[in-house]
Amino acid sequence: MIYNNDFKYDLQLGIKGESLVAKMLSNKKIEVKTDLKANETGNVFIEYESRNKPSGLSTTEAEWFCFVLSNENIIFVETKRLKEICRIFFKTRRDVLGGDKNTSKGILLPINYLVKL
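Residues numbered from 1 in each chain as written. Predicted model: local features only at pLDDT ≥ 70, side-chain atom pairs only at ≥ 80, totals over all residues. Heavy atoms only, no water.

Just give me the short version of the sheet that holds strand 1 (residues 30–34), but keep the residues and values in it.
Ordered in space as 1-4-5, the three strands form an open sheet in which the pairing is mixed. Every interior strand has two partners, whereas the edge strands, strand 1 and strand 5 (74–78), have only one. The average angle at which neighbouring strand axes cross in this sheet is 20°, direction not considered. Here strand 4 (residues 64–68) pairs with strand 5 via five bridges, running antiparallel. If you follow Phe 67 over to strand 5, its bridge partner there is Ile 75. Docked against the sheet, helix 3 (residues 79–89) engages strand 4 and strand 5, running at close to 90° with respect to strand 5. (Pairing = 2+ DSSP bridges. Helix = DSSP H or I, 4+ residues; strand = E, 2+ residues; numbered from the N terminus. Axes fitted to C-alpha atoms, helices over the stretch in contact; angles between N-to-C directions. Contact = heavy atoms within 4.5 Å.)

Structure, rendered in structure tokens:
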């Protein structure tokens, strides 16, 4: 983004951002995942299968995923975009077992992929 010290420009940009958040939160299904260790590990676990059945990202009806990493760090990602990102790591060393007794499969996704512009 190019720096601009014009209040009218800043106001338009702010209104655009507010509209995006309002659109995202109004009557949308949002799946919220809290992962307080993600700030330490740099990763979030995105489940797609559990006990040999599709689950998590594979079966969600949510339009958005919300990752709560701390009180100060909350990331929203459209589900469609999250699926695209996770496909990059499917069947790689980041496609791992996890969850209770390692009965789930998921993508160990670097946080920076959630915030790439």
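Describe the environment of Ser 70, listing the residues and the values that go with them.
Here Ser 70 shows up in the loop between strand 4 and strand 5. Within polar-contact distance, the side chain of Ser 70 engages the backbone nitrogen of Glu 72 at 3.1 Å. One polar contact links the side chain of Ser 70 to the main-chain amide nitrogen of Asn 73, over a distance of 3.1 Å. (Polar contact = N/O pair within 3.5 Å; in protein donor to acceptor, adjacent residues only side chain to side chain.)

I'd like a rundown of the environment of Ala 38, residues and numbers included.
Its place among the elements puts Ala 38 in helix 2 (residues 38–41). Of the residues examined, Ala 38 reaches a relative accessible area of 0% and is grouped as buried. As a C-alpha pair, Ala 38 and Leu 20 span 18 residues in sequence and 26 Å in three-dimensional space. In contact with Ala 38, not counting residues within four places along its chain, are Asn 43, Val 44, Leu 69 and Ile 111. (Buried < 20%, exposed > 50% of the residue type's maximum accessible area, 1.4 Å probe, protein only.)

So what's going on with the pattern of salt bridges? Residues and values would help.
In this structure the tally under the stated criterion is five salt bridges. Note that Glu 63 and Lys 28 form a salt bridge whose closest N and O atoms lie 3.6 Å from each other. Residue Glu 63 is found in the loop between strand 3 (53–54) and strand 4, and its partner Lys 28 is found in the loop between helix 1 (7–25) and strand 1; the two are separated by 35 residues along the sequence. The class of Glu 63 is partly exposed, set by a relative accessible area of 37%. (Salt bridge = Lys/Arg side-chain N within 4 Å of Asp/Glu carboxyl O.)

Pulling in residues and values, what's your account of the state of the cysteines?
Per the counting criterion, the structure on display carries zero disulfides. For the unlinked cysteine Cys 66, the closest cysteine sulfur is that of Cys 86, found at 16 Å. (Disulfide = S-S within 2.5 Å.)

Account for the side chain of Thr 60, naming residues and giving values.
Examined against the element boundaries, Thr 60 turns out to sit in the loop between strand 3 and strand 4. Judged by its relative accessible area of 17%, Thr 60 is buried. In this structure the side chain of Thr 60 is engaged in a polar contact, spanning 2.7 Å, whose partner is the side chain of Glu 31. Setting aside chain neighbours within four positions, we find Thr 60 in contact with Glu 31, Phe 65 and Thr 79.

Spatial relationships are all this shows, so hold off on functional conclusions.
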